[in-house]
Amino acid sequence: MATVSITINGIGVEAEVEARTHLADFIREHRNLTGTHLGCEHGVCGACTVLIDGAPARSCITYAVACDGASITTVEGLEDDVSAELRDAFSREHALQCGYCTPGMLVSARDAVLRLPEPDDREIRVLLSGNLCRCTGYVGIVRAVKSVVADRRARGIAPADASGNPLGPVGSAHPAGRLTGGARGGRTTHVSAPLAVSARRDSRPLEEWRPQVTIEQRFIVHHPPEVVWAFLGRPEEVAACLPGAKLVGTPTENYIEGLLRVRAGPIAAEFAGSAEIERDVSHYAGMIRGRGKDNRSGSATRGEIAYKLSPEAGGGATRVDVTVGYTLTGMLAQFSRSGLIRDVANRLTAAFATNLEARLANGSLNQLPPVSAAELNVVTLVMSVVRDRIGRLLRRMLGQRKGT
Ligand code: FES
Ligand code: FES
């Protein structure tokens, strides 16, 4: 159990919570604020969306203990004029039927109204794409949001933030000042300086771009550095070791194009993109810089992977140090936050290392069956991480009981 101090709808709350309690359960069961709904509890449907320090966030994938010191606003606390106008518009435009999605919709819609200057239907649909509605077909919802924006702009009310700061759930980009340090910065991921412009609109040259999240990984391959180095110079084989990755076209020594298939619950994305490769044989070091976009979900990613090989075990093995920096925006960005992403990255690295070992041990690409999964299933990875964590927690608790 841990003690947390959270402000909910302007009221300070101090409570004992179990480490595994997510914010939505805390809000509903400890505070009886049942306006926050739970649909999938996987971070996919958006029904549980609340404001954490002013930014929309999934309360089902946010631990209550991670919100110590934060200010939470639930649908019951949406008392400003924008929320009132949205409630009227939702009723007027028939933007709800069963109402299950409505609390989360209102939180996200408020973000849109406050910050989009003059959105068209498509922009509103993209913004609300992290909130699933099972009943209305979205037409009324889009109409309601559009009418509130139009009415406010007609009254001369400018968007609160027209500077290009990212919209959407926390983690869909890097809201300035929200993720640095503290619980929401995560203990295991290093979050670099805030981005002034979201990657969705980011046309800055690569040398000026700074990643939103940086993760460092390390693994050992039981083959000499020169063998591993040669392998990493063959893009087809490297791609075959990465779950969900596939090259398209003919790769050159310093340029590749490819696809990365990702599935997160009902969301399936296929990122198409390209990357530039630099290799420095004198230091056994390399850099891959790329970007990709999934047109269907509007998710976009930009990233760089730096790696360095060092001899181990007298040169018979190789230590591979990898630093991955990336920015992810759009629907899939909800999975780019919290310590879970670090664990997912660990598993991906382990899968890559195992595949790489297998390739090096068994011969050339053509003689082997494909070793990469057809797509990267984020939910399966996250759930396996969660299962492991709960298992560890239970083992610790049982161990403590035995010892008492
Ligand atoms: Fe949280 Fe579905 S219940 S996203
Ligand atoms: Fe029923 Fe949206 S109104 S899920």
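Cut-offs used in this document
- Residues numbered from 1 in each chain as written.
- Chains lettered and ligands numbered in written order.
- Predicted model: local features only at pLDDT ≥ 70, side-chain atom pairs only at ≥ 80, totals over all residues.
- Heavy atoms only, no water.
- Buried < 20%, exposed > 50% of the residue type's maximum accessible area, 1.4 Å probe, protein only.
- Helix = DSSP H or I, 4+ residues; strand = E, 2+ residues; numbered from the N terminus.
- Arc of directions from axis to C-beta.
- Core = buried A, V, L, I, M, F, W, Y, C linked by side-chain atoms within 4.5 Å.
- Contact = heavy atoms within 4.5 Å.
- Salt bridge = Lys/Arg side-chain N within 4 Å of Asp/Glu carboxyl O.
- Phe/Tyr/Trp six-rings, centres within 6.5 Å; stacked < 30°, edge-to-face > 60°.
- Lys NZ or Arg CZ within 6 Å of the ring centre and 35° of its normal.
- Axes fitted to C-alpha atoms, helices over the stretch in contact; angles between N-to-C directions.
- Parallel < 35°, antiparallel > 145°, perpendicular 65-115°, else oblique.
- Left-handed = near helix turned anticlockwise from the far one by under 90°.
- Nonpolar A, V, L, I, M, F, W, Y, C, P; charged D, E, K, R; others polar.

Draft legend 1. Region of interest: helix 1 (residues 23-30). What helix 1 keeps buried is the set Leu23, Ala24, Phe26 and Ile27. Relative to the axis of helix 1, the buried residues are bounded by an arc of 165 degrees and lie together on one face. Looking one or two residues past helix 1, Asn32 carries a phi angle of roughly 60 degrees, positive in sign.

Draft legend 2. Inspection of the nonpolar core at higher detail. Counting residues in each nonpolar core, the largest one holds 26 residues, and the members touching the most others are Leu86, Phe90, Met105, Val113, Leu128, Ile141 and Val145. Taken together, the elements giving at least two residues each to this core come down to helix 2 (81-92), helix 3 (102-115), helix 4 (121-127) and helix 5 (139-154). Leaving out residues up to four positions away in the same chain, Leu86 has contacts with Leu106, Ala109, Arg110, Val113, Val145 and Val148. Membership of the second largest hydrophobic core comes to 17 residues, among which are Ile27, Val50, Ala64 and Ala70.

Draft legend 3. Broad picture of the pattern of salt bridges. Scanning the entire structure with this criterion turns up 16 salt bridges. A salt bridge links Arg155 to Asp151, with the shortest nitrogen-to-oxygen separation between them at 3.1 Å. Look at Asp151 and you get partly exposed, because its relative accessible area is 38%. Two residues, Glu312 and Arg319, come together in a salt bridge whose shortest N-O distance is 3.9 Å. On the accessibility criterion, Arg319 (24% relative accessible area) is partly exposed.

Draft legend 4. Highlighting the packing of aromatic side chains. Summed over the entire model, instances satisfying the criterion amount to three aromatic pairs. Ring plane angle 80 degrees and centroid distance 6.1 Å describe the contact between Phe219 and Phe352, whose orientation is recorded as edge-to-face. Taken together, the residues Phe219 in strand 7 (residues 213-221) and Phe352 in helix 9 (residues 340-362) connect sequence positions 133 residues apart. A relative accessible area of 10% places Phe219 in the buried class. On the accessibility criterion, Phe352 (11% relative accessible area) is buried. Feature note: the residues Trp229, Tyr284 and Tyr307 constitute an aromatic cluster, connected by ring pairs. The ring of Trp229 carries Arg279 above its face, with NZ or CZ at 3.8 Å from the centroid.

Draft legend 5. Summary view of the packing of helix 2 against helix 3. With their axes 10 Å apart at the nearest point, helix 2 and helix 3 run at an angle of 120 degrees to one another. The angle between helix 2 and helix 3 places the two elements in the oblique class. The two elements helix 2 and helix 3 meet at a crossing, and its hand is right-handed. Facing helix 2, whose interface residues are Val82, Ser83, Leu86, Arg87 and Phe90, helix 3 presents Thr102, Met105, Leu106, Ala109, Arg110, Val113 and Leu114. A class-by-class count of the residues in the contact of helix 2 with helix 3 yields eight nonpolar, two polar and two charged.

Draft legend 6. Spatial organisation of the environment of Asp53. Mapped onto the elements, Asp53 comes out in the loop between strand 3 (49-52) and strand 4 (55-58). Along the chain, Asp53 and Thr73 lie 20 residues apart, while their C-alpha atoms are 8.0 Å from each other.

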